[in-house]
Every structure is written in structure tokens, then in C-alpha cells.
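# Structure at a glance
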Amino acid sequence: MRSSNPVFSRRGFSRDNGYAGFNAAPQAGAPATGGNPSAQGTAANPYAANPYATNPYAQQDTQYGAPQAPARTGAMTIDDVVTRTAITLGTVVLGAALAWALLPVDEANLGKSYGIAIGAALVAFVLSLIQSFKRKPVPALIVSYAAFEGVFLGVISSAVSTYIGPGVVMQAVLGTMCVFAGVLLAYKMRWIRVTRRFYGFVMAAAMGFMLLMVVNLLFAVFGGGDGLGFRSGGLGILFGVIGIILGACFLALDFKQVEDGIAYGAPREESWLAAFGLTMTLVWIYLEMLRLFSILSGDD
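What you see is a predicted model; the values in this text were computed from it and never measured.

What follows deals with helix 7 (residues 233-264). End to end, helix 7 covers 46 Å across 32 residues, agreeing with the expected 46 Å (1.5 Å per residue, within 8%). Just beyond helix 7, the residue with positive phi is Gly 265, at close to 75°.

Put into C-alpha cells, the structure is as follows:
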């Protein structure tokens with residue numbers, strides 16, 4: 001079942017067969033795996049055999065009903081993913097740079113700039129929701145999301161640089177790059193293996209984390225101060241580290257998404273979905289890095 005949450009619903013290319021083959025229903029002509037899992041040998045283990053045996057993009061053999069190998073014409077490649085990701089991240093950076101330059105955060109203009117930033121964040125959220133309900137990626141929606149997200153990040157980053165410390169933003173950027181490189185290396189070396197259990201754990205942890213943040217926000221709005229203290233002090237540091245770890249886990253899911261999409265022979269347009277997922281994850285990690293370094297700088 002696909003979640004309506006854009007943070008979670010983007011995982012996996014198989015819209016109807018579950019995430020990356022984890023919950024894939026048998027294709028026509030494939031052996032059934034029902035009954036006692038222990039009696040099926042390795043059939044119950046999605047990684048004991050060919051993980052692409054239930055390829056959602058395989059065409060059905062008209063004579064025997066067995067899935068055929070996907071046609072490679074117009075199939076997604078790693079170059080497609082890199083190109084689309086560069087476009088979306090470049091749009092985020094451009095939007096952030098323009099917002100930093102055109103929306104001052106001095107005392108006279110801080111309220112106005114913050115208002116624009118919050119409005120941009122809401123628009124980005126709505127666009128991500130619309131994309132999450134689309135069965136196919138819409139490049140215009142994804143690029144527009146990146147642009148509005150960039151405006152929000154630009155104002156927030158400018159405010160942090162002005163009122164907390166000019167080096168905090170660069171630290172957050174470098175930290176995000178290090179997390180990306182580290183997770184990519186760990187994934188390529190197979191130190192991280194994305195399994196059904198890993199996926200379920202990350203989803204559960206992320207939903208619990210977001211629920212705590214929402215509760216903390218409600219306490220802050222109606223009770224004043226910092227709510228339950230999850231965004232400052234020792235608890236803020238702890239939850240900042242947890243948020244970064246969750247972001248790293250989402251990166252592993254994104255890499256699995258890309259790997260499976262290429263192996264499945266996913267259509268080239270699906271590379272936009274991969275770029276969308278990677279962009280959302282990197283934004284998540286950057287914001288958590290920014291918050292963590294802001295807290296650490298405030299404690300100095």
C-alpha cells in the first residue's frame with residue numbers, strides 16, 4: 001500500500017507490486033509461494049534467489065504467459081539519474097542563492113523574508129504531495145518543488161549565518177556531502193543491505209520521529225518556549241543525530257531504488273522519481289545538519 005506521505009511514498013518503482021520487489025505479487029507464469037514459508041525453501045527470502053524475478057516492467061509472453069526480459073529501449077540508466085538529480089539539486093541551489101541575495105534577514109526585513117520562506121515551504125510541500133499521488137513522475141512538478149524548497153532553504157540558511165554563525169551553513173553543507181559519500185560507499189561495498197526488515201525499521205523509525213517533532217511543535221505553539229525541548233540543548237543534539245541517521249537510511253533506500261530501477265529496465269522517465277527522492281533526502285539531511293551545528297555553535 002502506498003503512503004500518501006511524500007517522504008515515504010516515493011520509495012520503489014513498482015507502484016502495484018510493493019517496494020523494490022519486497023512485497024511483489026507473483027507474475028503470471030511464476031510459481032506461487034503461499035503456504036508454509038519453511039516448506040518453500042528459499043522462495044520466502046527475497047534475496048535468496050534472483051531479486052528481479054518478479055520484474056514489474058517485464059512484458060508478458062503472449063503464448064505461455066511467462067514474463068519476458070524488459071525491452072531496453074528507453075530504459076533508465078545511471079546517467080539519466082545523475083542528470084535529473086543534478087537538475088533538481090541545481091534548482092534547489094539556485095533558488096537558495098537567489099533567496100539569500102534578494103530576501104534580506106536584517107531586523108527590518110526578517111518578518112517579511114520569513115513569511116516568504118514559510119509560504120515557499122508550504123508550496124513545496126503541496127507540490128510534493130501532488131507528485132506523490134501521480135502514477136508517473138511529472139518533471140515540472142519536481143523542478144517546481146526544488147525551486148520553492150530552495151527559496152525556503154536560502155532564507156533559513158541566511159538567517160542562521162547572520163544570527164548564529166557564518167560558518168554553520170558551510171559546516172552543514174560539508175556534513176551533508178560527507179553523509180552522502182559515506183552512505184554511497186557503504187552501499188557500494190555492501191556494508192549496508194536494504195532488505196524488507198531494513199525498510200520496515202526505517203519507515204517505523206521515521207514515522208515515530210516525525211510524530212515526536214509534531215508533538216514538540218504543538219507544545220511550542222500552545223505552551224511557548226521550545227516545547228518539549230527536542231530542538232535545543234542536549235535533547236536537541238540527540239534528536240539531530242537521530243535525524244541525520246534516519247536521513248542516511250533514506251539515502252540507502254534511494255540507492256536501492258535506483259539500482260532496482262536500472263535492473264528492472266524501468267522507463268527513463270522514472271529517473272525523475274529517483275532524482276525527486278534523492279533531493280528530498282538530501283534536504284532532510286541538510287536541515288538536520290543545520291540544526292545540529294546551530295545548537296553546537298550556540299553552546300560554545
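This is not the end of the story, as more comes after the structure.
Bringing the pattern of salt bridges into the picture now. Throughout the structure, instances matching the rule amount to 5 salt bridges. Of the charged contacts, one joins Asp 80 and Arg 84 as a salt bridge, the two residues approaching to 3.6 Å between their closest N and O atoms. Of the two residues, Asp 80 and Arg 84 both sit in helix 2 (residues 78-102), 4 residues apart, roughly one turn of that helix. For Asp 80, a relative accessible area of 10% corresponds to the buried category. When the shortest N-O distance is used, the salt bridge between Arg 268 and Asp 80 registers 3.2 Å. Here Asp 80 lies in helix 2 and Arg 268 lies in the loop between helix 7 and helix 8 (270-298), a separation of 188 residues in the sequence. The structure contains a network of salt bridges with shared partners spanning Asp 80, Arg 84 and Arg 268.

As for its placement among the helices and strands, Gln 131 is situated in helix 3 (residues 110-133). The class of Gln 131 is buried, set by a relative accessible area of 3%. If sequence neighbours within four positions are ignored, Gln 131 has contacts with Lys 136, Pro 137, Val 138, Leu 141, Ile 142 and Phe 276.

With that out of the way, let us pick up the environment of Ser 144. Mapped onto the fold, Ser 144 is located in helix 4 (residues 139-163). Exposure remark for Ser 144: the relative accessible area of 30% places this residue in the partly exposed category. Along the backbone, Ser 144 and Thr 88 are 56 residues apart, and their C-alpha atoms lie at a distance of 8.9 Å.

Tallying each qualifying case throughout the model produces 6 aromatic pairs. Ring geometry for Phe 180 versus Phe 255: centroids 5.7 Å apart, planes at 75°, classification edge-to-face. Placement of Phe 180 in helix 5 (residues 168-188) and of Phe 255 in helix 7 is noted, with a sequence separation of 75 residues between them. Taking relative accessible area as the criterion, Phe 255 reaches 9% and is therefore assigned buried. Ring centres of Phe 209 and Phe 239 lie 6.3 Å apart, and the angle between their planes is 35°; on these two criteria the pair is classed as tilted. Here the residue Phe 209 occupies a position in helix 6 (residues 196-223), and Phe 239 occupies one in helix 7, the gap between them amounting to 30 residues. Residue classification places Phe 209 among the buried residues on the basis of a relative accessible area of 5%. These aromatic residues form a ring-pair network of at least three members: Phe 209, Phe 239, Phe 250 and Trp 284.

As a further point, take the nonpolar core. With 48 residues, the main nonpolar core has Val 179, Leu 251 and Leu 253 as its most contacted residues. Counting only elements with at least two residues in this core, the list comes to helix 2, helix 4, helix 5, helix 6, helix 7 and helix 8. For this core, the element with the highest residue contribution is helix 7, accounting for 11 residues. Sequence-distant contacts of Leu 251, defined by excluding residues within four places in its chain, comprise Val 179, Phe 180, Val 183, Leu 278, Thr 281, Leu 282 and Ile 285. Residues Ala 124, Leu 127, Leu 141 and Ile 142 belong to the second largest nonpolar core, which totals 8 residues.

Between its terminal C-alpha atoms helix 5 stretches 30 Å, which fits the 30 Å expected from 21 residues at 1.5 Å a residue. At the exit of helix 5 stands Arg 190, carrying a positive phi of roughly 65°.

Secondary-structure assignment places Gly 240 in helix 7. The exposure class assigned to Gly 240 is buried, which follows from its relative accessible area of 0%. The sequence separation of Gly 240 and Leu 287 amounts to 47 residues, and the corresponding C-alpha distance is 9.3 Å. Among residues more than four places away in sequence, those in contact with Gly 240 are Glu 288 and Arg 291.

Procedures and definitions
Along each chain, numbering runs from 1 in the same order as the chain's sequence is written. Side-chain atom pairs in this predicted model are given and counted only at pLDDT of 80 or more, local residue features only at pLDDT of at least 70, and totals for whole chains, interfaces and linings cover all residues. The side-chain numbers reported here are obtained from all heavy atoms of the structure, hydrogens and water having been left aside. Helix and strand assignments come from DSSP, with helices taken as H or I runs of at least 4 residues and strands as E runs of at least 2, each series counted from the N terminus. The span you would expect from a helix comes to 1.5 Å times its residue count less one. In what follows, salt bridge is the name for a side-chain nitrogen of Lys or Arg lying within 4 Å of a carboxyl oxygen of Asp or Glu. Burial status follows relative accessibility: with a 1.4 Å probe on protein chains alone, a residue under 20% of its type maximum counts as buried, one over 50% as exposed, and anything between as partly exposed. The contact rule is simple, with two residues in contact once any of their heavy atoms fall within 4.5 Å. Each pair of aromatic rings taken from Phe, Tyr and Trp, with Trp reduced to its six-membered ring, is defined by centres within 6.5 Å and is described as stacked if the planes are under 30 degrees apart, edge-to-face if over 60, and tilted in the remaining cases. By nonpolar core we mean a set of buried residues, namely Ala, Val, Leu, Ile, Met, Phe, Trp, Tyr and Cys, connected to one another through side-chain atoms within 4.5 Å.

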